[in-house]
Amino acid sequence: MTRLLSALVLAAPILVVLFFTSSVVFLCVVLLLVYRAGWEFQTLINLCGWRVRAWEGGLDACAFVLALWVGGVLPALVLAIILLRVFLKAFSRETFRESLSLTSVSLLGVTWVGGAGGLIALLRTLPGGVAAIFFLFVVVWANDIAAMFTGKTLGERKLAPKISPGKTVEGAIGGIIAGIFVGVLTTFYMDVPGVDPWLAIPVSVCIGLFALIGDLGESILKRAAGEKDASDIIPGHGGLLDRIDGLLVAGPAFYCYLYWVRF
């Protein structure tokens, strides 16, 4: 119950901003969330053994979000500047392997958290972007909630026991089915660009699979850090990164689908 209430408290203001404010205000909210998620990512990296400043990861991710928002050559320029800074920092490491691994994980955080945040913010600017983001959110949320309850009640076969012992095959299937149901239902009440009631089925399945990959990807990071959650900021969920890990992978995939297929 705590997990469900926390999810509702977190989702409600985001949906208010999505539906009743401008794309610029939505961008500002995305920046706040990206900073926190980037901070949590760098905190986990610290626990893995790399000595990094958490606030740097948050600022790098936000800079990439803004670069994607502006567009043009700026994303490449910002990535080049971040890479230069990370390389200069890596030069002080004791071994070449440590320098290389530090550079790699730092860029992973920027592209994973910042890249996804930037594309979701851009999705708001596309024609029908509000409905598209709402569709994306509710499908991912339905997957997450249904997978948890299905896994607890019917789960027997472990999906990836070494990575995430609590996830089951039955839970994953239940989550995807719930995502399909919610996705199709949404298209009956909203004009989601590029997604009619029939297309909602394969699109929802793909969103669910990408979200699952994102969830498992963050689980690998947490296992490497020896932590159960990215932080304890959200009761019942852990950290913000724990709450949006699936969205950070499903979001860019859905954006690319809409951009290439619809527009």
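Residues numbered from 1 in each chain as written. Predicted model: local features only at pLDDT ≥ 70, side-chain atom pairs only at ≥ 80, totals over all residues. Heavy atoms only, no water.

Taken as a whole and judged by the stated rule, the model has zero disulfides. C28 forms no disulfide, and the closest cysteine sulfur to it belongs to C62, at a distance of 11 Å. Of the residues examined, C62 reaches a relative accessible area of 12% and is grouped as buried. (Disulfide = S-S within 2.5 Å. Buried < 20%, exposed > 50% of the residue type's maximum accessible area, 1.4 Å probe, protein only.)

Moving on: a nonpolar patch on the surface. On the surface, L84, F87, L88 and F91 cluster together to form a nonpolar patch covering roughly 450 Å² of accessible area. Relative to the helices and strands, L84 resides in helix α4 (residues 74–90). For L84, a relative accessible area of 52% corresponds to the exposed category. (Patch = residues over 30% accessible without salt bridge, like charges linked within 9 Å, V, L, I, M, F, W, Y side chains within 5 Å. Areas by Shrake-Rupley, 256 points an atom, 1.4 Å probe, with all protein chains shown as cover. Salt bridge = Lys/Arg side-chain N within 4 Å of Asp/Glu carboxyl O. Helix = DSSP H or I, 4+ residues; strand = E, 2+ residues; numbered from the N terminus.)

End to end, helix α8 (residues 200–225) covers 37 Å across 26 residues, agreeing with the expected 38 Å (1.5 Å per residue, within 8%). At the C-terminal side of α8, G226 shows a positive phi close to 75°. (Expected span 1.5 Å × (residues − 1).)

At a minimum axis separation of 7 Å, helix α2 (residues 23–48) and α8 run at an interaxial angle of 40°. Between α2 and α8, the angle falls in the class oblique. For the pair α2 and α8, the crossing hand works out as left-handed. Mapping the contact onto sequence places F41, L44, I45, L47 and C48 in α2 and E218, L221, K222, A224 and A225 in α8. Looking at the contact of α2 with α8 residue by residue, the classes come out as eight nonpolar, no polar and two charged. (Axes fitted to C-alpha atoms, helices over the stretch in contact; angles between N-to-C directions. Parallel < 35°, antiparallel > 145°, perpendicular 65-115°, else oblique. Left-handed = near helix turned anticlockwise from the far one by under 90°. Contact = heavy atoms within 4.5 Å. Nonpolar A, V, L, I, M, F, W, Y, C, P; charged D, E, K, R; others polar.)

What follows deals with empty space enclosed by the protein. Under the counting rule described, the total for this entry stands at three cavities of 30 Å³ or more. Roughly 70 Å³ of internal volume is contained in the largest cavity. Surrounding the largest cavity, G38, F41, Q42, E56, G57, D60, A61, R85, S106, G109 and V110 form its lining. Counting residues per element, the ones that place at least two in the lining of the largest cavity are α2, α3 (54–70) and α5 (96–123). Top element by residues in the lining of the largest cavity is α3. It accounts for four residues. Taken together, the residues of the lining of the largest cavity break down into three nonpolar, five polar and three charged. By volume, the second largest cavity is sized at about 50 Å³. Of all the secondary structure elements, the ones that give two or more residues to the lining of the second largest cavity are α4 and α5. Per-element tally for the lining of the second largest cavity: the top contributor is α4, with three residues. (1 Å grid on protein atoms, 1.4 Å probe; cavity = no way out; pocket = protein on both sides within 12 Å on 5 of 7 lines; lining within 4 Å. Points joined across faces, edges and corners; volume = space filled by probe spheres on them.)

Core analysis: the largest hydrophobic core is formed by 67 residues, its most contacted members being V113, L123, F135, L136, I207, L241 and F254. When neighbours within four sequence positions are excluded, V113 is seen to be in contact with V34, A37, G38, A61, L108, L241 and L248. (Core = buried A, V, L, I, M, F, W, Y, C linked by side-chain atoms within 4.5 Å.)

This brings us to the pattern of salt bridges. Side-chain pairing between opposite charges can occur once the charged atoms of the two side chains come close. Evaluation of the coordinates by the stated rule reveals eight salt bridges. Here R85 and E56 are joined by a salt bridge, their closest N and O atoms 3.1 Å apart. One end of the pair, R85, is in helix α4; the other, E56, is in helix α3, and 29 residues separate them in sequence. Where K167 meets D215, a salt bridge forms, and the shortest distance between an N and an O atom there is 3.2 Å. Of this pair, K167 sits in strand β2 (residues 164–168) while D215 sits in helix α8, and the two are 48 residues apart along the sequence. Residues K167 and D215 agree in their burial class; the two are buried. Salt bridges sharing common partners tie together E56, D60 and R85.

Another aspect to go through is the packing of helix α6 (residues 129–154) against α8. Contact geometry for α6 and α8: axes closest at 9 Å, N-to-C directions at 60°. Taken as axis vectors, α6 and α8 run oblique relative to one another. Between α6 and α8 the crossing geometry is right-handed. Where α6 abuts α8, its residues F135, L136, V139, V140 and N143 lie against A200, V203, S204, I207, G208 and A211.

No statement about biological role is implied by the geometric values presented.
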